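Report on the structure
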Amino acid sequence: MPHKIGFVVVSSSGHEDGFSARELMVHAPTVSGWRSPRFCQFPQEIVLQMVERCRVRKLQLLAHQCLIPSKVEFYVGQSLPERLAPRPAERFRRLGYVSLCDNEKTGCKARELKSVYVDAVGQFLKLVFHQNHVNKYNAYNQVALVAINIIGDPADVSDESDVASREKLIDHYLGHSTEDPALEGTCTVKSDYISPLDDLAFDMYQDPEVAQIIRKLDERKREAVRKERYDYAKQLKQAIADLQKVGERLGRFEVEKRCAVEKEDYDLAKEKKQQMERYRSRVYEQLRLHDLMDAELMRRPLDLPLQPLLHSVSPHHQQLVPSLPPPGERGAGSHLADPFLQEKPSAPAPDASPQCPAVDQPPPTADPPPKTQPESLPYDERPLPAIRQQPGVAAVELERSDRDGSEAPRAGAAGEPEPLTEKVLREASSAVDVLGKALVAGAYSRLWSHREGALLALYEQLSETPVGTPREDLKNTLRASVFLIRRAIRDIVTPVFQASLKLLKMIITQYIPKHKLSKLETAHCVERTVPLLLARTGDTSARLRSTASNFIQEMALCKEVRSLQIIPAYLVQPLKAGSSAHLAISQMALLARLLRDLGTEGAGFTVDSVMKFSARALEHRVPEVREAAVRLILGLYAQHRAAVLEHLPPADSATRKNVLYKTIFEGFAKIDGRPTDAEIRAQKRVATEEAEKRKEEEMTALQGQAAAPRELQARARARALQEKESEAAKAQDPDTPGGKAAPPSAPEIPDSRCLDNLCIFCGERSESFTEEGLDLHYWKHCLMLTRCDHCRQVVEICSLTEHLLMECDKKASFGKCHRCSEAVVKEELPRHIKAKDCNPAKPEKLANRCPLCHENFTPGEEAWKAHLMGPAGCTMNLRRTHVLHKAPVPPPGFSSGLSSSSSESHVQLTVWPARPPQQGPARPVPWELTDRRVRC
């Protein structure tokens, strides 16, 4: 009858670390299987050697959920090919190939179990894996195989064809057909029958211990059938069915426990372990109650370890259970199913984290597939539910870590550590000579409890070392201890790592000062351990990263280590381009903390070394590292401005295009109290808005001041009337010396119509000079008027000095110069007087003084008009120069000016159209100038 064939892995073309092809020799729920190297070349090969020459009947492959090869070829051979043979391929015979699904329909959440029926004889089996299926989880183009199962018969057994012919002859005489449904369930008598217990799905979902019990109970069931003890066989059959469900549940518990250990949730791991033990003990108690279990079947997991498939588990090759006296016949065993199926843990486990692998229920191995499955899909081709994981953080890596020695010892694992191998003796010979074999063996043990115990024992030994011990012995003990500490620092188990830190701290702070050893010994301890501790700051476990960083900081601040200045030298070494993100971030954070605590004066840190390190960190691929480098540079700039700027490019526009340098220079500006580029742009924007607002307010104010020129016009008219009245009075006064009495006559009343459409200041007349037109003329165009730059009022140029000193809103800001008699800003008045650069003013009766060009000219009212309006007049009168540039040149012979002696004269004028000024802050529209001839 075909059965499972044991095998060993002879060779493989390669594997990723921790996923050797030898993993295929073990079938269990938590195996990791084989995985090809990253970015490997295809095809990849694995050669297996079976325990004996066999006739292979069935091959089963359990594919990975995402690292899936597109095709797997099978070759069988009688012997292993020699490397130097001219044609080694002839030693293997090709059987064929199978194609594997790309798993897109399941979203890479299920594993495919592929079964292949063959008929080939040989002792070696070669698997050839071709190019992988591409998916988003397979970032490194790898292929993997979780498990392989070989089912066959020994080839040395007598030819089975006679047996098959004999069985067919018996069926012929009995009138039975192979298709007869009445024979269902009697397939155990068939020579080609394969037991469900040999199926790969059974081992991959069953607890190993329960799987062993099920196989032994199945052997007893076959023995009972052979002896025709059918009631007992029925009871065993029911017990086997219930134990299969128990084994599946225990397998799930084991995976959840491993997941908790990986996440360092030891409380949950302990709870899962206790839950498994309670559940297992209740099940075994039920087996004892029904006399189905004895001491032989109750061996604990340490007595039944997971062994490679080096031997066949078939009853043809070994007797698993010796013949035992059968227990008394019992009634129907259907009542046994209830305790197993209804068994519940006393304390339900909390829900597993989404990252925790969860093993789903496998499809039944003996029952037909459920109705929900496609009828056309045979049982052997159904995909198995996969452990839900991501490629980078596979839960099956727990098995690899545990096999490296990180697993917690199971109950009853106490004892002496395993002896040292020759390799370890050569490697740790100096430590063995000083500390002894027992302690070193504990430090090298596969059980982490022994490793932790060895470090704690060494801690006690060093603490109790007497003071008078020879110095040479003290040094040898210290160096041997550092050797073991270095190995323990690399340990992935947290208690062992913490024990190594505890021992190292005691050596530096207690052992060396107590025995007054030199600083060379302290330097030896630090130099041998700091690089390893820095490497642990990049560990995937956040807890280990934090522990390592805090210990390095504590050690650097220790007075025994601080004076050596060793740790700062390691921290400022430039980051490697391929360094991990965790390592780079931890190193940056540790450097920032120590730089804050130690400073740059005599503590090992220099501005030059820190800036070189930071400049390299600005180019790192991880954004968090670049941001940390920016913060480090800004913190250093606050203390050493000039030294930091020497290591940076100039702060020009080309450099500021780099976001990092722009951030750095803006940070420098904030530290210096200068506005940043963004703040400068904001200030300019605000200033522009304020200028526009002031302009609008000014326009509004100027429009409100349009009445001021009308008041000036009214005062000028009143003054002209008073002058005429005074002249008339003088002419009529008989007492005037040299005068002659004039005959009385009616007083002359000036005709107001003569003053219409006339500017009384410049004498210009225009039909457009209505009330609003005159306002516009006074406001912008009259050559005799100007606007005060300080209060924006329209005043006469001849009285501008008196306005600044007596009427202006800012009159308090002006003072009068006694030399030039002009208004000068008080802040500049002392310098103005001291310089004596101004043109001295003449008395008012002798000359007029222009406040625009600061020149003295002929006195009198007409002289003001000639100076401000004449072609050779004041060069500083902006309104005059504007008119001269805009007005067209008069034709030859054209008389310009206004003469009172001619009855008709022509005047060249620049006149605005009779249109009212715009209201509000609207922009003025430039109107074209025209020439008009006006008759006075």
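First things first, this report covers the structure right here in the doc. Here the structure is a predicted model, which is why all the values come from computation and not from measurement. (Residues numbered from 1 in each chain as written. Predicted model: local features only at pLDDT ≥ 70, side-chain atom pairs only at ≥ 80, totals over all residues. Heavy atoms only, no water.)

**Quick word on the overall build of the chain**
- Along its length, the chain carries 30 helices and 15 strands.
- Counting the 936 residues in the chain, one finds 42% classified as buried.
- Approximately 51,500 Å² of the chain is accessible, and the part contributed by carbon and sulfur atoms is 53%. (Helix = DSSP H or I, 4+ residues; strand = E, 2+ residues; numbered from the N terminus. Buried < 20%, exposed > 50% of the residue type's maximum accessible area, 1.4 Å probe, protein only. Areas by Shrake-Rupley, 256 points an atom, 1.4 Å probe, with all protein chains shown as cover.)

**Let's talk about helix H19 (residues 607-617)**
- Within H19, burial applies to Val607, Ser609, Val610, Met611, Phe613, Ser614 and Ala617.
- Looking at the buried positions of H19, the neighbouring elements they touch are helix H17 (567-571), helix H18 (581-598), helix H20 (623-637) and helix H21 (641-645). (Contact = heavy atoms within 4.5 Å.)

**Considering the pairing of strand E5 (residues 71-77)**
- In terms of burial, E5 is a largely internal element, six of the seven residues being buried.
- Pairing between E5 and strand E6 (residues 92-99): seven bridges, direction antiparallel. When the sheet's bridge partners are listed, Glu73 is paired in E6 with Tyr97.
- Here E5 runs beside strand E7 (residues 110-129); their pairing, made up of six bridges, is antiparallel. When the sheet's bridge partners are listed, Phe74 is paired in E7 with Leu127. (Pairing = 2+ DSSP bridges.)

**Focus: the packing of helix H13 (residues 494-514) against helix H15 (residues 542-557)**
- For the pair H13 and H15, interaxial distance at closest approach is 11 Å and the crossing angle is 5°. Our classification of the angle between H13 and H15 gives roughly parallel. Here Thr494, Phe497, Gln498, Leu501, Leu504, Lys505 and Ile508 of H13 lie close against H15, whose contacting residues are Arg543, Leu544, Thr547, Ala548, Phe551, Glu554 and Met555.
- The residue inventory of the contact of H13 with H15, partitioned by class, reads eight nonpolar, three polar and three charged. (Axes fitted to C-alpha atoms, helices over the stretch in contact; angles between N-to-C directions. Parallel < 35°, antiparallel > 145°, perpendicular 65-115°, else oblique. Nonpolar A, V, L, I, M, F, W, Y, C, P; charged D, E, K, R; others polar.)

**Some thoughts on the pattern of salt bridges**
- Inspection of every chain in the model, using the stated rule, returns 30 salt bridges.
- For the salt bridge of Asp207 with Arg280, the shortest nitrogen-to-oxygen distance reads 2.9 Å. In this pair, Asp207 sits in the loop between helix H2 (200-205) and helix H3 (208-226) while Arg280 sits in helix H5 (residues 266-289), placing the two residues 73 residues apart along the sequence. The two residues Asp207 and Arg280 agree in class, both being buried.
- The salt bridge partner of Arg280 is Glu209, with a shortest N-O separation of 3.1 Å. Here Arg280 is found in helix H5, whereas its partner Glu209 is found in helix H3, with 71 residues between them in sequence. Glu209 shares its class with Arg280; the two are buried. (Salt bridge = Lys/Arg side-chain N within 4 Å of Asp/Glu carboxyl O.)

**Considerations on the nonpolar core**
- Counting residues in hydrophobic clusters, the biggest one holds 87 residues, and the most contacted among them are Met555 and Ile567.
- At eleven residues, H13 tops the list of elements feeding residues into this core.
- Contact partners of Ile567, with chain neighbours within four places excluded, come to Val526, Val530, Ile552, Met555, Ala556, Val561 and Leu594.
- With 29 residues, the next largest nonpolar core counts Ile5, Met50, Val98 and Val118 among its residues. (Core = buried A, V, L, I, M, F, W, Y, C linked by side-chain atoms within 4.5 Å.)

**Here we look at the side chain of His803**
- Its location among the elements puts His803 in helix H27 (residues 800-807).
- When its relative accessible area of 1% is taken as the criterion, His803 is described as buried.
- Excluding anything up to four places from it in sequence, His803 contacts Cys788, Cys791, Gln793, Val795 and Cys808.

**Comments concerning a negative patch on the surface**
- A grouping of Glu689, Glu690, Glu692, Glu696 and Glu697 is seen on the molecular surface, where their side chains present a negatively charged patch.
- We classify Glu696 as partly exposed; its relative accessible area is 45%. (Patch = residues over 30% accessible without salt bridge, like charges linked within 9 Å, V, L, I, M, F, W, Y side chains within 5 Å. Lys, Arg positive; Asp, Glu negative; His and termini not counted. Charge placed at Lys NZ, Arg CZ, Asp CG, Glu CD.)

**Section: the packing of helix H11 (residues 448-463) against helix H12 (residues 471-489)**
- At a minimum axis distance of 11 Å, the contact between H11 and H12 shows a crossing angle of 155°. Between H11 and H12, the angle falls in the class roughly antiparallel. Relative to H12, the crossing made by H11 is left-handed. Across the interface between the two elements, Leu455, Leu458 and Leu462 of H11 pack against Thr477, Ser481, Leu484 and Ala488 of H12.
- Per-class residue counts for the contact of H11 with H12 are five nonpolar, two polar and no charged. (Left-handed = near helix turned anticlockwise from the far one by under 90°.)

**Thoughts on the environment of Ala120**
- Within the element layout of this structure, Ala120 appears in strand E7.
- Separated by 66 residues in sequence, Ala120 and Cys54 have C-alpha atoms that sit 8.2 Å apart.
- Every residue in contact with Ala120, bar those within four places of it in the chain, is listed here: Cys54, Arg55, Val56, Val76, Arg93 and Leu95.

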